[in-house]
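Structural description and commentary
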Amino acid sequence: TIALQHGAHRTGNRTDADMARWRSLRFGQFIHWGLYAIPGGEWNGKTYNGAAEWIRSWKEMPHEEYDKLYRQFNPVNFNPQQWAAQAKSMGAKYMIITTKHHDGFCLWPSKYSKYTIAATPWKKDLLGPMIDAYNKAGIDVHLYFSIIDWNHPDYRASLKNAADSAAGKRFQLFVKNQLAELLQRYPTIKGFWFDGTWDDSWKNDGAFSDELEQYLQSLHPGLVMGSRLRADEKGARHFDSNGRLMGDYEQGWERKLPATIEDVHGNDWEAVMTVPENQWGYHAKWTGHVKTVNEILEMLVKSVSLNGNFVLNFGPKADGTFRTEEQQLAAGIGQWMKVNGEAVYNGTYAGFEKQDWGYYIRKAGTDSVYMVVFNIPVSGSLRVKLPARTELTGASMLLGNTTLTPEWIGRNEYFLHLPGKTTDSPVVILLKTVTGENKDKGNFEKAK
Ligand SMILES: Cc1ccc([C@@H]2N[C@@H](C)[C@@H](O)[C@H]2O)cc1
């Protein structure tokens, strides 16, 4: 291994209570909200086909036009209690809010910038009421913070000369001050979700990102921060030059999921997902595929089955309301979570061989293993293959608490016969298993 000062400082996952809490929540809501919701992907009668929150970079949108939008930001229909109630009914246990996206506009009245909510007709802090409402609803809040800041005069993508280096130093102090300010103003938040850390100016100063992470932990012990903040002193990101994960969880799964348990290398990880193919901020015209409730449920369940968290993104309109599609998704997901959420919360990789009908999820540290069935075979029979020395002693469908009698087919294999072959939402079955010596000798003897 290479001697590194600013690489990973820990091998293996964090084992403290704050990280265990993050891990147990499993299902989060991302919210991308800011000035980009005003144009909503359209400008002067033309439609921007990129991600709506990047419209300032569109050649058809003059920077000075975008930089005047704050004068009309006035979310008169913003109702944080309603936002939190929607997230709660959806079954989200944490929320990540964009405090400042790449455009540099701050949703809170930062004392380190003029480009904030204080300069808008709305004037008032948006983050405080949001964090209070979500916390009151029993939902943790994490703060998204973009290092890239297109508005700040000292932001440099790369440092080419002494003047750039001086600006870069001023900018690093600005970042440090804003983050400390956010922790001071919002002490109940549980973590930062960093973005915009790919430019050379950041990548080439691994020492700063390492010191920043340690500084934030010193201000707020237990803070959960993903792998995207850091670079090591050789410019390696997410994984240091020895291949070890930096930060508290792998944060690279954006609009994609790992395929197998091997893909996550035993690390904690989180996937963040858009409803349309690639829109985070509000876009008036969604094009391409819009995900359905069942597609999102499968991504959530697959993530948990592979020991990860899944975060679904919402992009509120400029007035503070949510579009119909997102309201309907939240309701549909919530309906399923009300009956089956126990298979998601505290869910972990079961250690069973993946079967075609869907996913196994083990309730952390227990013998309770859930089957979440997305593909019912035409036979209606689900093959349940257990690890060696494990016996299936019972099974019940969560919906209606229907008992299923396992049919033992030799060794460690059983069939479960579903009462019907059709369903319009995933079926969850709770397995009761016993392993090792405390099991019924009878079956085991037969299984030899
Ligand atoms: C190439 C690229 C840069 C930044 C992003 C940002 N990360 C997401 C979480 C959104 O904030 C998006 O704007 C996405 C793709």
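Residues numbered from 1 in each chain as written. Predicted model: local features only at pLDDT ≥ 70, side-chain atom pairs only at ≥ 80, totals over all residues. Heavy atoms only, no water.

1. Some points on the overall build of the protein
When its secondary structure is counted, the protein shows 10 helices and 19 strands. Relative to the globule expectation of 22 Å for 448 residues, the C-alpha radius of gyration of the protein, 24 Å, shows essentially globular dimensions. The proportion of buried residues among the 448 residues of the protein is 57%. A fraction of 70% describes how many contacts in the protein between residues 6 or more apart in sequence connect residues 24 or more apart. Separation between the mean location of the 52 positive side-chain charges and that of the 50 negative ones in the protein comes to 2 Å. (Helix = DSSP H or I, 4+ residues; strand = E, 2+ residues; numbered from the N terminus. Rg over C-alpha atoms; globule rule 2.2 N^0.38 Å. Buried < 20%, exposed > 50% of the residue type's maximum accessible area, 1.4 Å probe, protein only. Contact = heavy atoms within 4.5 Å. Lys, Arg positive; Asp, Glu negative; His and termini not counted. Charge placed at Lys NZ, Arg CZ, Asp CG, Glu CD.)

2. A few points about helix α4 (residues 127-136)
The complete set of buried residues in α4 reads Leu127, Gly128, Met130, Ile131, Ala133 and Tyr134. In this structure, the buried side of α4 is in contact with β1 (27-31), α3 (80-90), β4 (94-100), β5 (140-146) and α5 (162-185). One or two residues past the end of α4 sits glycine 138, with phi positive at roughly 80°.

3. Notes on the nonpolar core
Among the nonpolar cores identified, the biggest contains 97 residues, and Trp33, Tyr134 and Phe192 are the most heavily contacted of them. Ranked by size, the runner-up nonpolar core spans 21 residues in total, among them Val369, Val373, Val384 and Ile429. (Core = buried A, V, L, I, M, F, W, Y, C linked by side-chain atoms within 4.5 Å.)

4. Considering the environment of glycine 226
Within the secondary structure layout, glycine 226 lies in the loop between β7 (224-225) and β8 (250-254). In this structure, the C-alpha to C-alpha distance between glycine 226 and glutamine 251, residues 25 residues apart in sequence, is 5.3 Å. Discounting residues that sit within four places of it in the chain, glycine 226 has contacts with Phe192, Gly247, Asp248, Tyr249 and Gln251.

5. Points about the pairing of strand β13 (residues 368-373)
Of all six residues making up β13, six are buried, and the element is well covered by its neighbours. Alternating positions in β13 separate into two faces, Ser368, Tyr370 and Val372 on one and Val369, Met371 and Val373 on the other, with burial throughout. Count of turn residues in the strand β12 (residues 358-363)/β13 antiparallel hairpin: four residues, of which glycine 365 carries a positive phi of about 70°. (Pairing = 2+ DSSP bridges.)

6. With respect to the sheet that holds strand β11 (residues 347-349)
Read from one edge of the open sheet, six strands run β11-β12-β13-β19-β15-β16, paired in antiparallel fashion. Of all strands in the sheet, those with a lone pairing partner are β11 and β16 (402-404), marking the two edges. Adjacent strand axes in the sheet meet at a mean angle of 35°, parallel and antiparallel pairs treated alike. Examined bridge by bridge, strand β15 (residues 390-397) and β16 share three bridges and lie antiparallel to one another. Along β16, the bridge assignment pairs methionine 397 with threonine 402. Here helix α8 (residues 293-305) sits on the sheet in contact with β11, β12 and β13, set at roughly 50° to β12. (Axes fitted to C-alpha atoms, helices over the stretch in contact; angles between N-to-C directions.)

7. Some points on the confidence of the model for the protein
Of all residues in the protein, 97% have pLDDT values of 70 or greater, and the mean over the chain is 96. Between residues 438-448, whose pLDDT stays under 50, and residues either more than four places distant or in other chains, the model counts 14 contacts. (pLDDT = per-residue confidence, 0-100.)

8. Overview of the site of the ligand
With respect to spatial proximity, the complete set of residues near the ligand consists of His32, Glu53, Trp54, His101, His102, Tyr144, Trp193, Asp195, Trp198, Glu254 and Trp280. Between the ligand and glutamate 53, the relevant distance is 2.7 Å, taken from an oxygen atom to a side-chain nitrogen or oxygen of the residue. Within the complex, 74% of the 380 Å² of free accessible area of the ligand lies under protein. For the shell around the ligand, the residue count by class is five nonpolar, three polar and three charged. (Near = heavy atom within 4 Å. Polar contact = N/O pair within 3.5 Å; in protein donor to acceptor, adjacent residues only side chain to side chain. Areas by Shrake-Rupley, 256 points an atom, 1.4 Å probe, with all protein chains shown as cover. Nonpolar A, V, L, I, M, F, W, Y, C, P; charged D, E, K, R; others polar.)

9. Re unusual backbone geometry
Within the chain, arginine 255 stands out as a residue other than glycine whose phi angle is a positive 65°. Relative to the helices and strands, arginine 255 resides in the loop between β8 and β9 (269-273). For arginine 389, which is not glycine, the phi torsion reads 60° and is therefore positive. With respect to the helices and strands, the residue arginine 389 is situated in the loop between β14 (381-385) and β15. When its relative accessible area of 39% is taken as the criterion, arginine 389 is described as partly exposed.

10. So, the packing of α8 against helix α9 (residues 324-340)
The contact between α8 and α9 brings their axes to 9 Å, and the two run at 55°. Here α9 runs oblique to α8, going by the angle between their axes. Crossing of α8 against α9: the hand is right-handed. Contacts from Val293, Ile296, Leu297, Leu300 and Val301 in α8 reach Leu329, Gly332, Ile333, Trp336 and Met337 in α9. Across the contact of α8 with α9, the residue classes break down as nine nonpolar, one polar and no charged. (Parallel < 35°, antiparallel > 145°, perpendicular 65-115°, else oblique. Left-handed = near helix turned anticlockwise from the far one by under 90°.)

11. Brief notes about the pattern of salt bridges
This structure, assessed with the given rule, holds 23 salt bridges. Across the pair lysine 100 and aspartate 149 runs a salt bridge whose closest N-O atoms are separated by 2.9 Å. Of the two residues, lysine 100 sits in strand β4 while aspartate 149 sits in the loop between β5 and α5, which places them 49 residues apart along the sequence. Assigned by exposure class, lysine 100 and aspartate 149 land together as buried. (Salt bridge = Lys/Arg side-chain N within 4 Å of Asp/Glu carboxyl O.)

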